[in-house]
Structures are given as C-alpha cells and as structure tokens.
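Chain by chain, the residues run as shown.
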Amino acid sequence: MKKKAFLLASMGALACTVGVTALAVGGANQLDIFPVKAEPTGHSFTFNADTDAGFINQAVEQTIDVTTGVSSPITTRFTPSDISSVTFGGERFVEAHPNKSEDAYYSLTIGINNLTKFAIHMGVINDGGGYGYEDVYNIELHDKNGDNRKHWYYDFGTDGDGDGTKHIVWDKKEDSTATYTVVEVLIELYFDVEDLADASLYVESLSLTWEC
C-alpha cells in the first residue's frame, strides 16, 4: 500500500448521543432514579451523483462535514496525489484523472460511528496498464484504535477496452467475525504508471448505514 490517510474518530466521526433518565416510585417515601438505555437508532446515507457534499472540483486535499439530514454531519476527507482533475457530482459521486506518475492516486476517508453496513460501486475507464498492471482499489474498515478490521485489495479486472467495475457490500449482521466497532472507512484508488490522461477512476455510489 502506498499511502494511508487516517481520520480519527475524535476528529470527525459522526457523533451520536443518547441519554434518557427515568424516575420510578418504589413506595410512599422511596424514589429511584435510574438510567434507561434507548435502543440504537439506524441511519443511512448515500454519496452519489446527486449528493451536494460541498467538495470543489480541484485536485487538492479537502475535508468536508457532509450534511446527512438524518444525524450529525459525516466528516469526509478527499486526498489526491498527482491527480490532474477531479469532478464531484455530474454523472458520479467522484471521478478523477491522473498525471502520468507512479504515485497517482486518491483517497476518501470517512468518519462514522458504529458502521453496520457498507456498499460501494466503483470502476475504471481506459485503464492503460494492461494485464498484470491494472489499476487497483484498497478499502479498509477501521476501529477506534485505527486498526484495520476489514480489508479489500485487488485490481478491477478490466475488459479489452480497459474498463471495469467492482461492487462490494459488507453487512456486520452477516459477518460472524465482526465483533469490533467500525468508526472509519478508508477508500484508496490507485492509477498505474502506464495510464494516460483519459484514464479515470470513479466512485459511482457509496452507501453507509450506522446505529447509535
């Protein structure tokens, strides 16, 4: 892996607070005060072509508190390296083109509290690397200590035109190994050094579900 970009929970993980106090009368002269823990509330949000996240179409590092409309903002960081251009919105959530460099890549780092489901649809157009040198993706789910708890890393498996897509879904309720709590999502997309300017790596959509 060429680079890492951690966005700690304390720096912007989606905040959820639940606090309820109940009073119970146990007798004529007895008053018990005890906390009642509310059931977790589920929320969902999708980054796609229609999401006005607040990013600008410039290949510079940007950290945005994305308004969800269902809970606190989701702090999302975009980090580029040797990217010639980037577009948010339009046909897809985000799409970028490279400079001709072995370091051309970009990442999205998303702070989220207690992620329970994750889905991403992403792809490449005009991959110039050829067999064995395809553009690749790296996706990680981190816990509160920054440890990588779930990992997907592979190339896009392109067709003869250098186009390829990948769809990944993770559901905590269906993952028997998921005894941890995810507070951060890291998405990294890497261009190959053989890519020309017309190559592009894109995220079509990105869906998050969390409970708090």
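Given the structure is predicted, the values throughout are model-derived calculations rather than measurements.

Q: Before we move on, can you summarise the nonpolar core with the specific residues and values?
A: Within the largest apolar cluster, 45 residues are counted, with the highest numbers of intra-cluster contacts made by Phe118 and Leu208. The biggest single contributor to this core is strand β8 (residues 105-125), with nine residues. Discounting residues that sit within four places of it in the chain, Phe118 has contacts with Ile139, Ile168, Val169, Trp170, Val185, Ile187, Leu206, Ser207 and Leu208.

Q: Describe unusual backbone geometry, with residues and values.
A: Phi at Asp82 takes a positive value of approximately 55°, unusual for a residue other than glycine. Residue placement: Asp82 occurs in the loop between β5 (74-81) and β6 (83-89). Even without being a glycine, Asn114 presents a positive backbone phi close to 60°. Among the secondary structure elements, Asn114 is positioned in strand β8.

Q: Give me the lowdown on the pairing of strand β4 (residues 62-66), citing residues and values where you can.
A: Side chains of β4 alternate between two faces, with Gln62, Ile64 and Val66 buried and Thr63 and Asp65 left unburied. Judged from the five bridges that link them, β4 and β5 form a sheet pairing that is antiparallel. In the strand pairing of β5, Thr63 is matched with Arg77.

Q: With reference to specific residues and values, describe the packing of aromatic side chains.
A: Enumeration over the complete set of coordinates arrives at nine aromatic pairs. Between Phe78 and Phe88 the ring centres are 5.3 Å apart and the planes differ by 85°, which places this aromatic pair in the edge-to-face class. Here the residue Phe78 occupies a position in strand β5, and Phe88 occupies one in strand β6, the gap between them amounting to ten residues. Aromatic side chains Phe78 and Tyr106 sit 5.7 Å apart centroid to centroid with 50° between the ring planes, which places their arrangement in the tilted category. Of this pair, Phe78 sits in strand β5 while Tyr106 sits in strand β8, and the two are 28 residues apart along the sequence. This pair shows no difference in class: Phe78 is buried, exactly as Tyr106 is. Through successive ring pairs, a cluster of aromatic residues spans Phe45, Phe47, Phe55, Phe78, Phe88, Phe93 and Tyr106. It is Arg92 that lies over the ring of Tyr202; its NZ or CZ is 4.0 Å from the centre.

Conventions and cut-offs
Residues numbered from 1 in each chain as written. Predicted model: local features only at pLDDT ≥ 70, side-chain atom pairs only at ≥ 80, totals over all residues. Heavy atoms only, no water. Core = buried A, V, L, I, M, F, W, Y, C linked by side-chain atoms within 4.5 Å. Buried < 20%, exposed > 50% of the residue type's maximum accessible area, 1.4 Å probe, protein only. Helix = DSSP H or I, 4+ residues; strand = E, 2+ residues; numbered from the N terminus. Contact = heavy atoms within 4.5 Å. Pairing = 2+ DSSP bridges. Phe/Tyr/Trp six-rings, centres within 6.5 Å; stacked < 30°, edge-to-face > 60°. Lys NZ or Arg CZ within 6 Å of the ring centre and 35° of its normal.

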